[in-house]
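Commentary on secondary and tertiary structure
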Amino acid sequence: MNKLDILKLAHRNLWRRKARTILTVVGVMIGTTAIVVMLSLGIGLKESQRKSMERWGDLNMIRVQQGINFDREGKPLGEAKKLDDAAVAEIKAIEGVVAVSPAYESGGEAKFGRKRGHIQLIGIDPEEMVNLEFTASLGRLLKAGDRNVMVVGSQVINNFRDEAEIRKMQRGMMFYEGPRRLERKDPGEMMDQRIAMEIRNNSNHEKKRIFNFQVVGVLEGEFKQHAYQAYAPIEDIKRMRKFMMEGTQNGGGDPRMMREIAMKTGGEVRATSSRRPMQGYDPDDYNFLLVRTEDVTKTREVSDILRERGYNTYSIADQLEGIEKTSRTIQAILGGIGGITLLVAAIGITNTMIMSIYERTKEIGIMKVIGATFQDIHAMFLAEAGLIGLMGGTIGLGLSYLVSYIINHFSRNFMSRGLPPGEEVMGISLIPPYLALFAMAFAVLIGVIAGLYPANRAVRLSPINAIRNE
Amino acid sequence: MAAFIEIKNLTKKYRLGQEIITALDNVNLSIAQGEFLCILGTSGSGKTTLLHIMAGLEKPVRGEVLVKGVSLTKMKEKDMAYFRRKHMGFIFQSYNLIPTLTAVENVALPLIFDGVEKKEREKRARDLLIQLGLKERLKNKPTEMSGGQQQRVSIARALVNNPKIIFADEPTGNLDSKTTKEIMDILYERVKASGVTLIMVTHDLDLAHYADRVIHMVDGQITKIVEKGVSA
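Residues numbered from 1 in each chain as written. Chains lettered and ligands numbered in written order. Predicted model: local features only at pLDDT ≥ 70, side-chain atom pairs only at ≥ 80, totals over all residues. Heavy atoms only, no water.

**What to know about the overall build of chain A**
Operational definition: Runs of E in the DSSP output that reach at least two residues are strands. Runs of H or I that reach at least four are helices, and both are numbered from the N terminus. Summary of the burial criterion: residues with accessible area below 20% of their type's maximum are buried, those above 50% are exposed, and those between are partly exposed, where the area comes from a 1.4 Å probe applied to protein chains only. Pairs of residues are marked as contacts when any of their non-hydrogen atoms sit within 4.5 Å. Residue burial considers only the protein chains on display, and all accessible areas are found by Shrake-Rupley using a 1.4 Å probe.
Secondary structure assignment for chain A yields 12 helices and 13 strands. Counting across all 470 residues of chain A, residues that qualify as buried make up 47%. Counting contacts in chain A only where the partners sit at least 6 residues apart, residues at least 24 apart contribute 78% of the total. On chain A, roughly 24,000 Å² of surface is accessible, and the fraction owed to carbon and sulfur atoms is 57%.

Below, the structure is given as structure tokens:
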């Protein structure tokens, strides 16, 4: 029997009992809508959490920091790994890593034009900046061969004030209100400006030097961590640090080193009583490494590998995992509620099909006598049940989009609270294409499964009884 | 004449409550190709059971039905369905048309199961219905037709697959005498023209004269065989 003929016959048979078919379809429709809307809420929840995580940082960035890992009881695990060029090469070789850049952190007083403020300056490999997924909203990123230039985050400008204003404040005529987030200044103001960084020597604070930088670009993103930072070629920062550390005793004097000693000795800084030789940092070690991976999954994999090798890592993706676990649970519960509704609908299909077979006993018998095989009969009834599933699924999906739209429409006001201004409000109900496809396929599958038992019954009907003359 | 259908030692028993009823008791029969055979008997004589077993719709307790040497009684259900679809046609007392289908669609139904294209099968159905005088009724549903017309549709359905054997179970049982004659004339004519073997079951002695051979059945046994020309 031809597949198209089976479908046509099935379609025709369904509309013999319009009311019954429509009611059964309505059942499937409600079930599909329930499951799609419930799952869409779960997906919306997950997505909005993800979006808010992304506001804080990139999900495919790992920061490898100085320091060592600790076990659950707070005991140090292994030795701290040195963050040097060997480490950069080692990490670059890990599968899933797209780019690695060493970084120094520095900062200090800065001036441009008539404004004065503070800049947190990160030195990175200028060549790698584009690979680290930075994008410039104005100007350009750092590139190979750059010297004495910087790219600033969009919030850096807010750390600057007019000198006149500062003088007024110092005289107590104005209250310092901190960086005013609401009256945001235009970061474009800094473009092409020459920034003068005033760096003081660590051992002799009277000794200072000015380092000049030209602003060549402004970074995109207002809420990420890098919005508050400025980036410069690492060689420039190395020179700055060299000046800072001239004449200091033990390397670097990095506060993190003291913290590590404190942790290793149980909270007290007693370097002399430590049995192990003191593990200081080489002042030439990088402060941290920026690692960019292919995607979130790789971020986790690479983080795990790095931790195993003794690196101390941090990434936003670490936090995402816990949140995802919670939202999976919520999704399972929501999906379960929808699933029960669809189960009831499936029972409705089975019921309809059994009734239909009772009514058509004679017809089924005749078809068998004139040459329908078991498979033909089976296929005909499965097709009918599947069609009910398809119709219910299609209409249910349409209804889901409507319900989803209504939910989002009414939750919009509520949702936009607490979001930074200018941020696009995301719906709490999201129906991605794969959910739509899944829902349709599932509805048809449910129909076919619900039709299995009735179809088997139809197959087993005796043709003799059906055609016996009354 | 070489036996086209051969029935050997056919026995069929039913359990009806406590009782075991013997519907067929060791029946032996040979049927030639193109023969019009009439099985005559009262209700409960076993004539319908014999027809069902010959059509492979029921399995005997003992014995065999061979069509051109092929045993139908040993055939699997699927092969049997295929065999019926290819080589057999059926006509019933109560027409047994599908109420939702039009005359053309009812006639074309066996061809649907055979996977014949819609255009082709509807053309064949239409041609047959026109030949049987139902030109005006092609698009009608069974409920919109008289008994005689319905039976003509069902004859067309039995003929549409160009079968080797047609089984007719009381084909005129629901019809008045005028229509009965009409239907029997058509049936006789078609059968003789196409050379198909017709096996008709009836309790109506008046129809027997159409047949080449009449078999009388009583209590599951053949009691008398009358050849045409001998009795008529």
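Following the structure, the description resumes.
**A short note on the sheet that holds strand β5 (residues 70-71) of chain B**
Sheets are built from strands that pair by backbone hydrogen bonding, the pairs being arranged parallel or antiparallel. Residues and elements named next belong to chain B. The line we're drawing: Whether two strands pair depends on DSSP finding at least two bridges between them.
Strands sit in the order β2-β1-β4-β5 across an open sheet of 4 strands; the sheet is antiparallel. Among the strands making up the open sheet, the edge pair consists of β2 (19-32) and β5. Here 10 bridges tie strand β1 (residues 3-16) to β2, and the two strands are oriented antiparallel to one another. The residue bridging isoleucine 7 from the neighbouring strand is leucine 29, located in β2.

**Considerations on the interface of chain A and chain B**
The extent of an interface is frequently quoted as the accessible surface area lost upon association of the parts. What counts here: By buried area we mean how much accessible surface two parts lose on assembly, using a 1.4 Å probe and totalling the loss over both. Any carboxyl oxygen of Asp or Glu within 4 Å of a side-chain nitrogen of Lys or Arg constitutes a salt bridge here. Polar contacts, as used here, are pairs of N or O atoms within 3.5 Å; protein pairs need one atom able to donate a hydrogen and one able to accept it. Residues neighboring in sequence count only if both atoms are side-chain atoms.
Tallying the contact residues gives 27 residues for chain A and 31 residues for chain B. Buried area between chain A and chain B, both sides added, is near 2,500 Å², and the carbon and sulfur share of it is 61%. At the surface where chain A touches chain B, the tally comes to 3 salt bridges. In this structure, aspartate 376 of chain A and arginine 85 of chain B form a salt bridge, with 3.4 Å as the shortest nitrogen-oxygen distance. Viewed at the interface, chain B and chain A are joined by 8 residue pairs in polar contact (both at pLDDT 80 or more). Counting residues per element, the ones that place at least two in the side of chain A that touches chain B are α1 (3-14), α9 (361-369), α10 (374-416) and α12 (463-467) of chain A.

**What about empty space enclosed by the protein?**
Test applied: The rule is simple: put a 1 Å grid over the protein atoms alone, call a set of points where a 1.4 Å probe fits but cannot get out a cavity, call an open set with protein on both sides within 12 Å along at least five of seven lines a pocket, and count a residue as lining if it has an atom within 4 Å of a point. Grid points are joined across faces, edges and corners, and a volume is the space filled by probe spheres set on the points.
As enumerated under the stated definition, the model contains 1 cavity of 30 Å³ or more in all. Estimates place the volume of the largest cavity at around 40 Å³. The wall of the largest cavity is formed by Ile370 of chain A together with Met88, Gly89, Phe90, Pro110, Arg157, Ala158 and Asn161 of chain B. Mapped onto the lining of the largest cavity, the elements with two or more residues apiece are β6 (88-92) and α5 (147-159) of chain B. No other element matches the 3 residues that β6 of chain B contributes to the lining of the largest cavity.

**What to know about the packing of aromatic side chains**
Short version of the rule: Pairing of aromatic rings covers Phe, Tyr and Trp, the last through its six-membered ring, and needs centres within 6.5 Å; plane angles under 30 degrees mean stacked, over 60 mean edge-to-face, and all others mean tilted. Working rule: Lys NZ or Arg CZ, within 6 Å of ring centre, within 35 degrees of ring normal, means a charge sits over the ring.
For the structure on display, the rule yields 9 aromatic pairs over all chains. Ring centres of tyrosine 188 of chain B and tyrosine 210 of chain B lie 6.1 Å apart, and the angle between their planes is 50°; on these two criteria the pair is classed as tilted. Of the two residues, tyrosine 188 of chain B is situated in helix α6 (residues 177-194) and tyrosine 210 of chain B in the loop between β8 (197-202) and β9 (213-218); the sequence distance between them amounts to 22 residues. The exposure class of tyrosine 210 of chain B is buried, given its relative accessible area of 11%. Each residue in the set Phe36, Tyr188 and Tyr210 of chain B is aromatic and connected to the rest through ring pairs, giving one cluster. Directly above the aromatic system of phenylalanine 288 of chain A lies the positively charged group of arginine 63 of chain A, at a separation of 3.8 Å from the ring centroid.

**Quick look at the pattern of salt bridges**
By the definition in use, this model includes 38 salt bridges over all chains. Across the salt bridge formed by glutamate 105 of chain A and arginine 63 of chain A, the nearest N and O atoms sit 3.9 Å from each other. Of this pair, glutamate 105 of chain A sits in strand β4 (residues 97-112) while arginine 63 of chain A sits in strand β1 (residues 61-65), placing them 42 residues apart in sequence. On the basis of relative accessible area, arginine 63 of chain A is assigned to the buried category, the value being 16%. The residue arginine 213 of chain B makes a salt bridge to glutamate 35 of chain B at a minimum N-O spacing of 2.5 Å. Remark: glutamate 35 of chain B occurs in the loop between β2 and β3 (36-41) and arginine 213 of chain B occurs in strand β9; sequence separation between them is 178 residues. The exposure class of arginine 213 of chain B is buried, given its relative accessible area of 10%.

**Thoughts on unusual backbone geometry**
Positive phi, close to 65°, is recorded for aspartate 192 of chain A, a residue that is not glycine. Within the fold, aspartate 192 of chain A resides in the loop between α4 (163-170) and β9 (194-200).

**Topic: the sheet that holds strand β10 (residues 221-227) of chain B**
All names here are of chain B. Basically, it comes down to this: Axes here refer to lines fitted to C-alpha atoms; in helices the fit is confined to the stretch in contact. Angles between the N-to-C directions go from 0 to 180 degrees.
Reading across the sheet, the 6 strands line up as β6-β7-β8-β3-β9-β10 and stay open at both edges, with mixed pairing between neighbours. Strands with a single pairing partner mark the edges of an open sheet, and in this sheet they are β6 and β10. This sheet shows a mean twist of 15° between the axes of neighbouring strands, independent of strand direction. Summarising the sheet, β9 and β10 pair through 6 bridges and their orientation is antiparallel. Note on β10: the bridge partner recorded for histidine 216 is lysine 224.

Spatial relationships are all this shows, so hold off on functional conclusions.
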